[in-house]
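Survey of secondary and tertiary structure
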Amino acid sequence: MRRITAGGRGPSGGATAARWPLSGLLGVGYVLAMALVITQMITGATRVDSAAGPAMGLFTIAAAGLAARAGGHRRLDRRSRRAWRLISAAFVVLLASYVAFGITTNAGDPLAFPTVGDAIRLLTVPILLTGLLTLPRRTPGVGAGNAKVALDIGMVVAGGAMLLWFLVVGPVLTAGSQPLDVLFFATAYPVSDLALVAGAMLVTMRTTVSSSRRPALLLAAALLVMVVGDVYLSWLRAHAQGTDYAGWQFLCWVTATFLMALAASEKCRHVRFHDDEDGLERTVRPVPYLPYAAVVLGYGLLLAVALRLPMYPYGGLAIGAVTTTALVV
C-alpha cells in the first residue's frame, strides 16, 4: 500500500495535478518547434537551424536546470544526486556546444568542420555516460545475469559499428587525403555515437530502481534519437551531399533535447510526490529483440554487399555465414 505524501497528496492526486503543467508546457513547445522546423524545411525561406537552434538551446537549458534541481533534492540518496548532477553538467556542456556552433554559423561558415563546437560536443559523451552509469541499480545477479547483459549490449554495439563503418567511417577513410583533424573528428563522432548506444542499451536492459526507471528510459530514447541525427549528418559529410547540412538531422536533435528535458522533469516530479517506499527495486523490462535486430542489421549489410560480388567464393560464404548464425540464434 502506498503511503500518502506530505500535505495529504497521494501519487494519484497532487502528483498528477503537478505533473502535467510542466510536461505539458514542454510538449507544447516541442510541437511548435517541430512545426516551425518542418515548415522551414518545406518552404526553404530561411535556414532550418534558425528555428531548430533556439529550440534545442531552450530545451537543453530546461534539461540542465531540472536535472540540477533533481540532483540537489534531499530525498534522493547520495548516488542518485551525484548521477543527476553529472547529467546536468553534461547538458551544460551540450548547451555550450550549441552556442559555439551558432557562433560559427553566424560568422558565415556553416560548412566548417571541425570547429570548437565539435570538440565541446564530444566532451558531452563521457560526462553523460558517467552519469548514466552512476544511476542507482540493483545488479541482476552475478555470473550469467551480468554476462547476458554484457553480451546483449555487445551484440547491439557490434551491429551499430557495422552500420557506421558502412555509412560513415569507411567512406571517410577511403576518400583520399584528408587533414588530420578532419579524420580525427570524422571518426570520433561515430565512436562517441557507439558509446551513446551502449549507454542507452545499458539503461534499458539492466535492473534499476523504479524511481529512476521512467527518466532513465526517456534519457535512453533521447540518446538513440540523437545518434540517428549524428549518423545522418556524418553520412552527408562523408558523401559530400547538400550545401548547408540543414535538414532532417535537426528534427532528431530537437526531439532528443526535448526528451532530455522531459526526463529531468519526470525525475523532479517523482522525487517530489513519491515516498522512498515507491523507490524499491523493480525490474525494468529488457528490450529482448534489440540484440537480434542488431544481428539482422549486420548480416543484411553483409548480404547487400555480397550481392555485388561473384557468387564464387563470396556469395556462397556469405549465405553460409547468415544461415549458420540464424540457426545459432
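To start, this report covers the structure provided alongside it.

Reading the values: the criteria
Residues numbered from 1 in each chain as written. Predicted model: local features only at pLDDT ≥ 70, side-chain atom pairs only at ≥ 80, totals over all residues. Heavy atoms only, no water. Patch = residues over 30% accessible without salt bridge, like charges linked within 9 Å, V, L, I, M, F, W, Y side chains within 5 Å. Areas by Shrake-Rupley, 256 points an atom, 1.4 Å probe, with all protein chains shown as cover. Salt bridge = Lys/Arg side-chain N within 4 Å of Asp/Glu carboxyl O. Helix = DSSP H or I, 4+ residues; strand = E, 2+ residues; numbered from the N terminus. Buried < 20%, exposed > 50% of the residue type's maximum accessible area, 1.4 Å probe, protein only. Core = buried A, V, L, I, M, F, W, Y, C linked by side-chain atoms within 4.5 Å. Contact = heavy atoms within 4.5 Å.

1. Digging into a nonpolar patch on the surface
A cluster of nonpolar side chains, contributed by Phe166, Val305, Leu309 and Tyr314, occupies part of the molecular surface with about 330 Å² of accessible area. Counting through the fold element by element, phenylalanine 166 comes out in helix α5 (residues 144-173). For phenylalanine 166, a relative accessible area of 34% translates into the label partly exposed.

2. Some points on the environment of leucine 135
Within the element layout of this structure, leucine 135 appears in the loop between α4 (116-134) and α5. Sequence spacing of leucine 135 and alanine 216 is 81 residues, and the spatial spacing of their C-alpha atoms is 8.4 Å.

3. Regarding the nonpolar core
Formed by 63 residues in total, the largest nonpolar core has its most connected members in Trp84, Phe91, Leu219, Met226, Val254 and Met260. Taken together, the elements giving at least two residues each to this core come down to α1 (14-43), α2 (49-71), α3 (78-106), α4, α5, α6 (180-205), α7 (210-238) and α8 (249-273). Here valine 254 is in contact with Tyr30, Ala33, Met34, Ala52, Met56 and Phe59, once residues within four sequence places are set aside.

4. Description of the pattern of salt bridges
Taken as a whole and judged by the stated rule, the model has 3 salt bridges. Across the salt bridge formed by arginine 214 and glutamate 266, the nearest N and O atoms sit 3.3 Å from each other. In this pair, arginine 214 sits in helix α7 while glutamate 266 sits in helix α8, placing the two residues 52 residues apart along the sequence. On the basis of relative accessibility, which here comes to 44%, the residue arginine 214 falls in the partly exposed class. Of the charged contacts, one joins glutamate 266 and arginine 269 as a salt bridge, the two residues approaching to 2.7 Å between their closest N and O atoms. With a gap of 3 residues between them, glutamate 266 and arginine 269 both fall in helix α8, about one helical turn apart. One salt-bridge network, held together by shared partners, links Arg214, Glu266 and Arg269.

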